[in-house]
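Remarks on the overall topology
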Amino acid sequence: MNFFAYQNGRLFAEDVAVHDIAQRHGTPTYVYSRAALEHRWRDLDSAFGSHPHTICYAVKANSNLAVLNVLARLGSGFDIVSQGELHRVLQAGGDPSKVVFSGVAKSEAELRYALEKGVRSINIESLAELDRVQDVASQLGVRAAIAFRVNPDVDPQTHPYISTGLEENKFGVRMDAAFEAYQRAASLPNIEVHGIACHIGSQITKTSPFSDALERVLDLVERLADNGIALQQLDLGGGLGIDYQGETPPTAQEYVGAMLNGIKARGISLPIAIEPGRYIAGNAGILLTRVEYLKQNASKQFAIVDAGMNDLLRPSLYQAYHDIINASNHSEPSQVLDVVGPVCESADVLGYERTLAVKAGDLLAVQSAGAYGFVMANNYNTRRRPAEVMVDGNVAHLVRERETLQQLTAGESILD
Ligand SMILES: *Cc1c(COP(=O)(O)O)cnc(C)c1O
């Protein structure tokens, strides 16, 4: 289903012409579709059938309160990586008992906040962190439910879709150290061993890396059970990919089906949690931007637009591809040009060598910008971060105002 489609040559978000949004709220502006978010969430939810499960949406993908609230209303859980994200989840009406807390460097203050709010699980990434959780829980006089995030070391050579091999080294507890870690956790007075977690990467477009990781996790689950440590939740992380440029990732059915088959084959029936971010939000948003100028250099044509790398960082940060389309489907001859932003960096390119029929003043839509878009926006070049709009049927709600000039310098001061 496509929630961003042309009607009579003009691009619509659900039942609202994106031109109307640009007219009312200016550009650059992120536009999200409520129906698209809900559709993706429900796809995953229904794929589990009657198997007990929690979908813990990865807040870092898109943490706008309206996005979190729409998912909370469906009964979603949340995967957070900071105190700030938990604050957002609570503000948006999320249920803390469905929250899992991931991240490699949780501070004491963050752990205290999470335990006070009653999150379901702290996903621990090292023995030092285990000791810190024990200390904080003991100070508060509570028992902390924990999981270890294990690193199943799925070989990125055999699965080139996992492209974060080196980076991954900082994440999780090594598989061969995890058994002892669980034994130690089980011996601590303020720790309740609750589950096991793993997250192997992002934008994964095959089921095999997930299945391979699951097998390794289940080996450990069985060994723990044999030694009297019975877990209550299998948290299989996020990472399911989306279509940016013709990729064909597994469907929700295929992805969830592979996991359910994996556990059934071993006679295991533990509740499953998953932490999808990109899959839910990625295709549910676009970035609207206006063409300021067309420009020709000796060898290149440029469309200079009013959105830059500070608004959407992914192309500059990871050479990520986002399709770019003209919001008016007009019939002028198309040309090959680089779509570039206003920021004073040569890396400020939203798309290289795109074929577009375009003139100055046109409205463009950068596709699949709902995940890791606004959340990575920053103020480089003292640019105001974009507005965010959520469309619900034929109504466009402004869910975050464009930053003001006053906000840009709020909190700064000069010397006396
Ligand atoms: C980023 C992250 C996710 C979400 O990843 P997606 O690829 O957006 O699904 C889930 N879990 C953890 C621990 C993460 O760091």
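Use the structure listed above.
Residues numbered from 1 in each chain as written. Predicted model: local features only at pLDDT ≥ 70, side-chain atom pairs only at ≥ 80, totals over all residues. Heavy atoms only, no water.

Section: the sheet that holds strand β3 (residues 16-17)
One key point about sheets: their strands pair by backbone hydrogen bonds, in either a parallel or an antiparallel sense. Spatially, three strands are ordered β1-β2-β3 in an open sheet, and the strand pairing comes out antiparallel. Each of the sheet's edge strands pairs with one partner strand only, and the pair in question is β1 (4-7) and β3. As paired elements, β1 and strand β2 (residues 10-13) share four bridges and run antiparallel to each other. Of the residues in β2, the one forming a bridge with Tyr6 is Leu11. (Pairing = 2+ DSSP bridges. Helix = DSSP H or I, 4+ residues; strand = E, 2+ residues; numbered from the N terminus.)

Description of the site of the ligand
For the ligand, the set of nearby residues contains 14 residues, the closest of which are Lys60, Ser202, Glu275, Arg278 and Tyr372. At 2.9 Å from an oxygen atom of the ligand is found a main-chain nitrogen or oxygen belonging to Gly277. Between Arg278 and the ligand, the recorded distance is 2.7 Å, taken from a backbone N or O atom to an oxygen atom. Relative to its unbound accessible surface of 390 Å², the ligand loses 93% to contact with the protein. Considering only residue class, the shell around the ligand consists of three nonpolar, six polar and five charged. (Near = heavy atom within 4 Å. Polar contact = N/O pair within 3.5 Å; in protein donor to acceptor, adjacent residues only side chain to side chain. Areas by Shrake-Rupley, 256 points an atom, 1.4 Å probe, with all protein chains shown as cover. Nonpolar A, V, L, I, M, F, W, Y, C, P; charged D, E, K, R; others polar.)

As for the packing of aromatic side chains
Inspection of the entire model under this criterion finds five aromatic pairs. Ring geometry for Tyr57 against Phe78: centres 6.4 Å apart, planes inclined by 85°, an arrangement best described as edge-to-face. Of this pair, Tyr57 sits in strand β5 (residues 53-58) while Phe78 sits in strand β6 (residues 77-80); the two residues are 21 residues apart in sequence, bridging distant segments of the chain. Of the two residues examined, Tyr57 and Phe78, each falls in the buried class. Between Phe210 and Tyr255 the ring centres are 4.9 Å apart and the planes differ by 70°, which places this aromatic pair in the edge-to-face class. Note that Phe210 is positioned in helix α9 (residues 208-226) and Tyr255 in helix α10 (residues 252-264), a separation of 45 residues in sequence. Here the two residues Phe210 and Tyr255 agree in accessibility, since each one is buried. Ring pairs connect the aromatic residues Tyr30, Tyr32 and Phe374, which therefore count as one cluster. Over the ring of Phe101 we find Lys106; its NZ or CZ atom is 5.5 Å from the centre of that ring. We note Arg223 situated over the ring of Phe179; from NZ or CZ to the ring centre the distance is 3.7 Å. (Phe/Tyr/Trp six-rings, centres within 6.5 Å; stacked < 30°, edge-to-face > 60°. Buried < 20%, exposed > 50% of the residue type's maximum accessible area, 1.4 Å probe, protein only. Lys NZ or Arg CZ within 6 Å of the ring centre and 35° of its normal.)

Let's talk about the pattern of salt bridges
One pass over the full model with this rule turns up 16 salt bridges. Glu38 is paired through a salt bridge with Arg42; the nearest N and O atoms lie 3.9 Å apart. Taken together, the residues Glu38 and Arg42, both in helix α2 (residues 34-47) and four residues apart, mark about one turn of the helix. Among the residues examined, Glu38 registers a relative accessible area of 13% and is labelled buried. In the salt-bridge network here, residues are joined through shared partners; they are Arg34, Glu38, Arg42 and Asp392. (Salt bridge = Lys/Arg side-chain N within 4 Å of Asp/Glu carboxyl O.)

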